[in-house]
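Secondary and tertiary structure notes
Residues per chain are reported as follows:
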Amino acid sequence: LELFRAEMRELLAGSQAIAAALPVADWASISATSEQMQKSYVLERQLTDAQRDELESLPAQFKALDEQFHRGTEKLAHAASQKDAQLVAFYYARLLEECTQCHATYAQTRFPGFTQESVDAHHH
């Protein structure tokens with residue numbers, strides 16, 4: 001899905017920007033980037049019928065992980081607006097965990113470092 005690939009490129013850039021902004025307490029940047037990441041949610045965009053059909057064919061768990069990630073960006077933006085470094089770091093770590101979980105489950109071909117063994121070991 002090209003829509004998701006484009007969204008993932010945007011999310012990677014946002015994640016990297018947050019990583020650079022957190023150690024220097026650039027709360028405005030973290031908040032703005034987090035809000036931009038939340039707004040990139042592909043399932044809330046205006047889509048063509050063909051794009052919507054393609055998205056509907058995705059596994060429910062994938063869509064749930066994607067939705068959870070975008071809800072997390074809202075929490076991250078709020079924590080940054082409160083200038084709460086500990087909470088920002090927590091929500092940022094959660095976002096990275098969600099990226100990892102989704103990539104390990106659905107993108108092992110694209111990210112071959114995620115083997116089935118590492119996926120199985122992650123489940124508690």
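Throughout what follows, the structure given in this document is the object of discussion. Given the structure is predicted, the values throughout are model-derived calculations rather than measurements. (Residues numbered from 1 in each chain as written. Predicted model: local features only at pLDDT ≥ 70, side-chain atom pairs only at ≥ 80, totals over all residues. Heavy atoms only, no water.)

The subject of this paragraph is the nonpolar core. Core analysis: the biggest nonpolar cluster contains 14 residues, and Ile18, Ile30, Leu76 and Val88 have the highest contact counts within it. Broken down by secondary-structure element, the contributors of at least two residues to this core are α1 (2–21), α2 (27–39), α4 (60–81) and α5 (85–106). Sequence-distant contacts of isoleucine 30, that is, excluding residues within four places in its chain, are made with Ile18, Ala21, Leu22, Leu76, Ala80 and Val88. (Core = buried A, V, L, I, M, F, W, Y, C linked by side-chain atoms within 4.5 Å. Buried < 20%, exposed > 50% of the residue type's maximum accessible area, 1.4 Å probe, protein only. Helix = DSSP H or I, 4+ residues; strand = E, 2+ residues; numbered from the N terminus. Contact = heavy atoms within 4.5 Å.)

What follows concerns the packing of α1 against α2. Angle between the axes and distance between the axes are the two parameters that describe a pair of packed helices. Two numbers describe how α1 lies on α2: the axes approach to 9 Å, and their chain directions differ by 165°. With respect to their mutual orientation, α1 and α2 come out roughly antiparallel. Here α1 runs over α2; the crossing is left-handed. Of α2, the residues touching α1 (which contributes Leu11, Gly14, Ser15, Ala17, Ile18 and Ala21) are Ser29, Ile30, Thr33, Ser34 and Met37. A breakdown of the residues in the contact of α1 with α2 according to their chemical character gives 6 nonpolar, 5 polar and no charged. (Axes fitted to C-alpha atoms, helices over the stretch in contact; angles between N-to-C directions. Parallel < 35°, antiparallel > 145°, perpendicular 65-115°, else oblique. Left-handed = near helix turned anticlockwise from the far one by under 90°. Nonpolar A, V, L, I, M, F, W, Y, C, P; charged D, E, K, R; others polar.)

Checked against the element boundaries, tyrosine 106 lands in helix α5. Distance in space between the C-alpha atoms of tyrosine 106 and glutamine 61 is 9.8 Å, their sequence separation being 45 residues. The residues touching tyrosine 106, leaving out its near neighbours within four places in the chain, are Pro59, Gln61, Phe62 and Leu65. Side chain to side chain, tyrosine 106 and glutamine 61 meet in a polar contact 3.2 Å long. Within the structure, tyrosine 106 has its side chain in polar contact with the backbone nitrogen of phenylalanine 62 (distance 3.4 Å). (Polar contact = N/O pair within 3.5 Å; in protein donor to acceptor, adjacent residues only side chain to side chain.)

Here the focus is α4. Given a rise of 1.5 Å per residue, 22 residues ought to cover 32 Å, and the 32 Å separating the end C-alpha atoms of α4 matches this to within 8%. Of all the residues in α4, the buried ones are Phe62, Leu65, Asp66, Phe69, His70, Gly72, Thr73, Leu76, Ala77, Ala79 and Ala80. Along α4, the residues classed as buried sweep out an arc of 170° about the axis, all on the same side. Residues of α4 that are buried in the fold lie against α1, α2 and α5. Where α4 ends, the next residue or the one after it, lysine 83, has phi of about 55°, a positive value. (Expected span 1.5 Å × (residues − 1). Arc of directions from axis to C-beta.)

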